[in-house]
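Chain and residue survey
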Amino acid sequence: MKFAVIGHPIQHSLSPMMHHANFKSLDEAHEYEALNIDPKHFHHIKSIISERNLDGFNVTIPHKERIIPYLDALSPAAETIGAVNTVKIKEGKWIGYNTDGSGFVEGLKHRYPHLQDARILIIGAGGASKGIAYALKTISKHPITVANRTLERLNKWTFDVYPLDLKEVISNIGQFDIVINTTPLGMDQSTESILNLTGIPQHILVCDIIYTPFETPFLKQARLNGNETYNGLDMFIYQGAESYEIWTNQQANIEAMKERVLEHLKSNQN
Ligand code: ATR
């Protein structure tokens, strides 16, 4: 079978490496390539994909919303979140899914086995936050709280979360068991942590969806404060594994995928 990831830029994507590690471990001769699609050429997407005879593809930044008008159907999650990271092509029909949020939650379940009992705070209200909040809502016994700088953004969501002003987070943080940063702050090592976590209660598991850098300033502050931390690597691995399962109806080899990506990240550490 043939797969790809579309994005712009795409040359640094670790998806081909991760998927090839999975194919190899399962002894499958599938192919997976990275396709750089400039937004100004996106209207050619149907012919670009069709001429490659793909069975499915991943969609990454900046095309996760732009792809939707080209799809024949959407999964309920993709429809509610309004973003697609996985497309399955079956008998010429394009079906869109979102495995980012479910991937994050699947990974987190392994780290925090009683996830359904945890009181969870998500920071940020972009597409990544929405996917994670949607997936958490399906398993959590508690309402999901979402904190953002611009609270009005949450009014447009089509499912309920408990809104919290970003300025109120630190004074309320002790109520939560898990705090997840979904804002892009920290992608650049020089950026400050979105919150000052010094002095927060140590029972809180502090998470970030970023994995390059492996430890963001947000996670570093939490670790130095004595908290457990969890970065975005598992989210990347599990979203890829779920894509593979959607395309092939077969289970992915999570360990092989993670081992390969970790090996690459370690060899590129300065
Ligand atoms: P994505 O879709 O990748 O999740 P996005 O839609 O660009 O990303 O959303 C980014 C999130 O980070 C938003 O919640 C944004 O807050 P606003 O809605 O108030 O813009 C948040 N964010 C980005 N930069 C920020 C900053 N400097 N301080 C606080 N929040 C920030």
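Everything numeric in this text was worked out from a predicted model, so none of it was measured.

**Remarks on the sheet that holds strand S1 (residues 2-7)**
- Here we have 6 strands laid out as an open sheet, ordered S2-S1-S3-S5-S6-S4, and mixed in their pairing. This sheet does not close on itself; its edge strands, each paired only once, are strand S2 (31-36) and strand S4 (73-74).
- Sitting on the sheet, helix H1 (residues 15-25) touches S1, S2 and strand S3 (56-59), and the angle it makes with S2 is about 175°.
- Each of S1, S2, S3, strand S5 (86-90) and strand S6 (93-97) is contacted by helix H8 (residues 233-248), which is oriented at about 10° to S5, the strand it contacts most.

**Some details on the UniProt feature "binding site: shikimate" (unreviewed entry) in the protein chain**
- UniProt records the feature "binding site: shikimate" (unreviewed entry) at Ser13, Leu14, Ser15, Thr60, Asn85, Asp100, Tyr211 and Gln239, using the numbering of this structure.
- With respect to the secondary-structure elements, Leu14 resides in the loop between S1 and H1.
- The class of Leu14 is buried, set by a relative accessible area of 10%.
- Ignoring anything within four residues of it in the chain, the contact list for Leu14 reads Tyr211, Phe236, Val261, His264 and Leu265.
- Summarising the element assignment, Asp100 is placed in helix H4 (residues 100-111).
- There is a polar contact of 3.1 Å between the side chain of Asp100 and the side chain of Asn85.

**Notes on the packing of H1 against H8**
- Their axes nearest at 11 Å, the elements H1 and H8 cross at an angle of 60°. Judged by the angle between their axes, H1 and H8 are oblique. As H1 runs across H8, the sense of the crossing is right-handed. Contact residues: Ser15, Met18, His19, Asn22 and Phe23 in H1; Phe236, Ile237, Gln239, Gly240, Tyr244 and Trp247 in H8.
- Within the contact of H1 with H8, the residues separate by chemical class into 6 nonpolar, 5 polar and no charged.

Reading guide: rules and limits
Residues numbered from 1 in each chain as written. Predicted model: local features only at pLDDT ≥ 70, side-chain atom pairs only at ≥ 80, totals over all residues. Heavy atoms only, no water. Pairing = 2+ DSSP bridges. Helix = DSSP H or I, 4+ residues; strand = E, 2+ residues; numbered from the N terminus. Contact = heavy atoms within 4.5 Å. Axes fitted to C-alpha atoms, helices over the stretch in contact; angles between N-to-C directions. UniProt positions renumbered as here; feature names shortened; annotations may be inferred. Buried < 20%, exposed > 50% of the residue type's maximum accessible area, 1.4 Å probe, protein only. Polar contact = N/O pair within 3.5 Å; in protein donor to acceptor, adjacent residues only side chain to side chain. Parallel < 35°, antiparallel > 145°, perpendicular 65-115°, else oblique. Left-handed = near helix turned anticlockwise from the far one by under 90°. Nonpolar A, V, L, I, M, F, W, Y, C, P; charged D, E, K, R; others polar.

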